[in-house]
Amino acid sequence: MALVNAGVVVLDCAEPEKLAEFYKGLLGAEETDVSANRIEILGPDGFRMAFRRDVNATPPSWPRPENSLQVHLDLVAEDLDEAERGIVGLGGRPVEAKDPAGPHEERGFSDPAGHSFTLRRSAAPTAPKQG
């Protein structure tokens with residue numbers, strides 16, 4: 001028996017309205033709960049995220065080596081090129097110039113508030129972080 005139930009991934013940010021719009025477009029999600037300081041969304045596959053207002057939020061600085069990556073999202077897409085165009089169109093940006101080929105191809109991005117996420121062709125496990 002589980003000790004807890006799965007909850008929701010919450011990202012702190014200065015402008016939750018803008019970040020919710022980005023992830024709604026990215027995930028095909030809809031808003032399920034909105035308050036002055038928090039917006040929650042639900043994707044068609046049941047994935048839940050929330051965006052909490054933090055007026056002092058600063059973007060993570062990854063991939064700079066002096067700061068470790070604390071948390072990020074792994075997202076899966078069939079067509080990485082099409083997904084990348086959509087991400088950039090929604091206000092995201094690439095954070096890695098490399099394009100590793102192979103069955104576990106992945107690309108790094110940041111959302112409009114600077115949170116990093118990885119777009120992967122496969123849901124297979126990732127290798128350890130380098131650097």
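No experiment lies behind these values; they were computed from the predicted model shown.

Draft legend 1. Region of the structure containing the environment of Lys 24. Within the fold, Lys 24 resides in helix 1 (residues 16-27). A residue is classified by how much of its surface remains accessible, and Lys 24, at 19% relative accessible area, is buried. Sequence separation of Lys 24 and Glu 40 is 16 residues, and the distance between their C-alpha atoms is 9.9 Å. Sequence-distant contacts of Lys 24, that is, excluding residues within four places in its chain, are made with Ala 29, Glu 31 and Ile 41.

Draft legend 2. Quick look at the packing of aromatic side chains. Tallied over the full model, the rule gives five aromatic pairs. Consider the rings of Phe 22 and Phe 117, whose centres lie 6.1 Å apart with planes at 55°: the pair is tilted. Note that Phe 22 is positioned in helix 1 and Phe 117 in strand 8 (residues 116-120), a separation of 95 residues in sequence. Phe 117 carries the same exposure label as Phe 22, and that label is buried.

Draft legend 3. Looking closely at the nonpolar core. Residues Tyr 23, Ile 41, Met 49, Phe 51, Phe 117 and Leu 119 are the most contacted members of the largest nonpolar core, which totals 20 residues. Looking at this core, the elements with two or more residues in it are strand 1 (9-13), helix 1, strand 3 (38-42), strand 4 (48-53), strand 5 (73-76), helix 2 (80-89) and strand 8. With near-sequence residues (within four places) excluded, Phe 117 lies in contact with Phe 22, Tyr 23, Leu 26, His 72, Leu 73, Leu 75, Ile 87, Arg 107, Gly 108, Phe 109, Ser 110 and Asp 111.

Draft legend 4. Region of interest: the pairing of strand 2 (residues 30-34). With four bridges joining them, strand 2 and strand 3 adopt antiparallel strand pairing. Along strand 3, the bridge assignment pairs Glu 31 with Ile 41. Linking strand 2 to strand 3, which pair antiparallel, is a turn of three residues.

Draft legend 5. Quick peek at the pattern of salt bridges. Applying the stated criterion across every chain, the model contains ten salt bridges. In this structure, the salt-bridge partner of Lys 24 is Glu 31, at a minimum N-O distance of 3.2 Å. Exposure remark for Glu 31: the relative accessible area of 35% places this residue in the partly exposed category.

Thresholds, definitions, all that
Residues numbered from 1 in each chain as written. Predicted model: local features only at pLDDT ≥ 70, side-chain atom pairs only at ≥ 80, totals over all residues. Heavy atoms only, no water. Helix = DSSP H or I, 4+ residues; strand = E, 2+ residues; numbered from the N terminus. Buried < 20%, exposed > 50% of the residue type's maximum accessible area, 1.4 Å probe, protein only. Contact = heavy atoms within 4.5 Å. Phe/Tyr/Trp six-rings, centres within 6.5 Å; stacked < 30°, edge-to-face > 60°. Core = buried A, V, L, I, M, F, W, Y, C linked by side-chain atoms within 4.5 Å. Pairing = 2+ DSSP bridges. Salt bridge = Lys/Arg side-chain N within 4 Å of Asp/Glu carboxyl O.

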